Amino acid sequence: MSVARSVQRAPKAPWLLAPLLLTMLVPFAWMLFLSVQPGAGGDLSLHALSKARFTLEHYAELLKQSAFPRYLFNSLFVATVVVGGNVLTGAMVGYALARKRFFGNRALTWGVIATLMVPKQVLMIPLYLVLAKLHLLNTYAALILPFFVDAFSIFLVRQYVMQLPHELEDAARVDGAGELRIFATIVLPLLRPALAVVAINGFLLNWNSFLFPLIFTDSDKLRTLPVGLALFAQGEHAVDWGLLMAGSTISAVPVLLAFVVFQRQIIEGITAGAEKG
Amino acid sequence: MTARAAKRRGRFEPATWILLSPWILALIVFVAYPFGFSFALSFYDYSPLNPAAAKFLGLANYAEALKDPLFWTALKNTLVFVFGTIPFTTSLALGLALGLKRAFKGRDFYRAGFFLPTVVSIVVISLVWKGLYAPEGPLSALAQSLGLVPPRWLLDPNTALASIMAMDVWAASGYYMVIFLAGLQAIPEELYEAAALEGASSWQRLRHITLPMLKPTFLFVLVVNSVRSLQIFTEVFVMTGGGPLHSTVTSVFYLYEQAFYKFRLGYASAIAYLLFSLTLLLAFVQVKWLKLEGPKS
């Protein structure tokens, strides 16, 4: 009865929330707009709207004359390898923690949860020193290894495996299959939905990561997009709004595409985190 | 010992340890060792430029931090940031979730729009807002067209931090909206139906059903958001560099400068631990506060 009543009433939400939604979208529209306006300085004033034009000169300049293609490659490369690592090791460890009885299971599971709760600024300095000791600072390894195995991915897979039925694995065991083969041929395919969540969230996190790549590298050759962009904006280009917004757009487009395609997995990743609390 | 007991305790299975090996390795090398190492480091005078000259100082790093006015400025700015944004972010997120809970045409577009800033790099968001806040930029023009004297946003020590906070509320609300939506979906519909039968107004339903049932969600949102806000760094790095007049130096920004401009890694480790303790304390207080009140039902 109450359901019927609330359906009959015209929803007020769209009208009330429309101005807020506009506030969300306008800054991004403005970023796109500035990125295609000609002129070195970029006109930030509202007058720019009345003399709107279209040019790709900023994109061309970024891709031709600067280190941007390199940043783009670095970001893609690092994110791909890290996500691969998160997926593979998340599946391995998450499965073992959920299914296997062994001495130390509780300790290792608590290690996962504790790692999730340690703020990263506590680890920032010692990680820097560990990498320095291993002579890995300013290498791709510094951008990859510390993030290759990810506690959140492990946790997510563990929770997922806990609610999977055992039967398939048990049947394979009766047939005499080895444990690693069971993992690779039976468990791994079953984990696909959880691993999709791990992959997409890992990609977003890594693609947007800033503090650690900033600290662990100091050469232009190794910078990722966010770091390259932030440092670019601090130098002589501080007011090259056309260039800055073109760079921002290049950095935002892959995640926006990922968002459109994988919205469900992204939301699942967030709420999976919330349910543990 | 029966076979069952042996099974419960588990026997050594090489495959298990092969599967676990990445985590054991990562936990030692990238979590436990650094965690312990930085604790030890916080009692030393240590520069990576001259590690041989490391000197044990006892608690001197901690004492120095507590005496440094800039440390307190940074802490004050950070706490202003945390306590100044969280009420707005939380109520905006809750309001959005309540508004977008029931189906209507275009609802998914609304949800996606509010969530959008969450997936975009905070560097990009900070750059865009730096442009919006520029003296010749659109927000100043908007203020002028309303007949106001536009504030100098990021260039004025009195408004710089507030400007970054406003951006943070804008950027973060969508994330917590998603969490509130999940919390709202978990509330059984029967409760609302029963309340409707008894003639409860929509305000009463919100007050006596929705809010009490959302308590665990509130707790999660508060803890996660305060832990995150205590670590605000990128926004400051990109938008103001801590200025003007240190008005936007946050604790992590201060830590970063001490560690990677001045190379005082021992001192910076002490700061990191002070900040870590504060994070734990704040999370603990929030858990206590929300637990103590207890469900009213």
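Residues numbered from 1 in each chain as written. Chains lettered and ligands numbered in written order. Predicted model: local features only at pLDDT ≥ 70, side-chain atom pairs only at ≥ 80, totals over all residues.

1. Focus on the overall build of chain A
On a plain count of helices and strands, chain A comes out with 15 helices and zero strands. Taking 277 residues into account, the globule formula puts the C-alpha radius of gyration at 19 Å, and chain A, at 24 Å, lies well above it. Its C-alpha atoms give chain A principal-axis dimensions of roughly 75 × 70 × 35 Å. For chain A, contacts bridging at least 24 residues in sequence account for 78% of all contacts bridging at least 6. (Helix = DSSP H or I, 4+ residues; strand = E, 2+ residues; numbered from the N terminus. Rg over C-alpha atoms; globule rule 2.2 N^0.38 Å. Contact = placed C-beta atoms within 7 Å.)

2. A short note on the overall build of chain B
Within chain B one finds 14 helices and two strands. Relative to the compact-globule value of 19 Å for 297 residues, chain B shows a C-alpha radius of gyration of 25 Å, a clear excess of over 25%. With respect to the three principal axes, the spread of C-alpha positions in chain B is 80 × 75 × 35 Å. Across the 297 residues of chain B, 40% fall into the buried class. (Buried ≥ 20, exposed ≤ 12 C-beta atoms within 10 Å, placed from the backbone.)

3. A closer look at helix α12 (residues 192–208) of chain A
An α-helix turns once per 3.6 residues; consequently, residues spaced three or four apart project the same way. Taking 1.5 Å as the rise per residue, α12(A) with 17 residues should run 24 Å; its terminal C-alpha atoms sit 24 Å apart, in good agreement. Judged by how many residues are buried, α12(A) sits mostly within the fold: 13 of 17 residues are covered. (Expected span 1.5 Å × (residues − 1).)

4. Quick notes on the packing of helix α10 (residues 167–174) of chain A against helix α11 (residues 179–190) of chain A
Residues and elements named next belong to chain A. Following both chains from N to C, one finds α10 and α11 inclined at 145°, their axes separated by 10 Å at the closest point. Crossing handedness for the pair α10 and α11: right-handed. Taken together, the residues of α11 that come into contact with α10 (itself represented by Leu 168, Glu 169, Ala 172 and Arg 173) are Ile 182, Ile 186 and Val 187. Partitioning the contact of α10 with α11 into residue classes produces five nonpolar, no polar and two charged. (Axes fitted to C-alpha atoms, helices over the stretch in contact; angles between N-to-C directions. Left-handed = near helix turned anticlockwise from the far one by under 90°. Nonpolar A, V, L, I, M, F, W, Y, C, P; charged D, E, K, R; others polar.)

5. Topic: the interface of chain A and chain B
Contact residues are listed per partner, giving 70 residues for chain A and 76 residues for chain B. Of all the elements, helix α15 (residues 241–276) of chain A adds the most residues to the side of chain A that touches chain B, at 13 residues. Across the side of chain A that touches chain B, the residue classes break down as 53 nonpolar, 14 polar and three charged.

6. Looking at the packing of helix α2 (residues 13–35) of chain A against helix α6 (residues 122–132) of chain B
At a minimum axis distance of 10 Å, the contact between α2(A) and α6(B) shows a crossing angle of 85°. It follows from the interaxial angle that α2(A) and α6(B) lie roughly perpendicular. Across from Pro27(A), Trp30(A) and Met31(A) in α2(A), the residues of α6(B) making contact are Val128(B), Trp129(B) and Leu132(B). Taken together, the residues of the contact of α2(A) with α6(B) break down into six nonpolar, no polar and no charged. (Parallel < 35°, antiparallel > 145°, perpendicular 65-115°, else oblique.)

7. Points about the domain arrangement of chain A
Residue and element names in this part refer to chain A. Structurally, chain A comprises domain 1 (12–59) and domain 2 (66–276). On a C-alpha basis, the centroid separation for the pair domain 1 and domain 2 is 32 Å. With twelve residues of domain 1 at the contact, the number on the domain 2 side is nine residues. Among the secondary structure elements, those contributing two or more residues to the side of domain 1 that touches domain 2 are α2 and α4 (57–65). When residues of the side of domain 1 that touches domain 2 are assigned to their parent elements, the largest contribution, four residues, is made by α2. Partitioned by chemical class, the residues of the side of domain 1 that touches domain 2 number six nonpolar, six polar and no charged. (Domains from an automatic or database assignment.)

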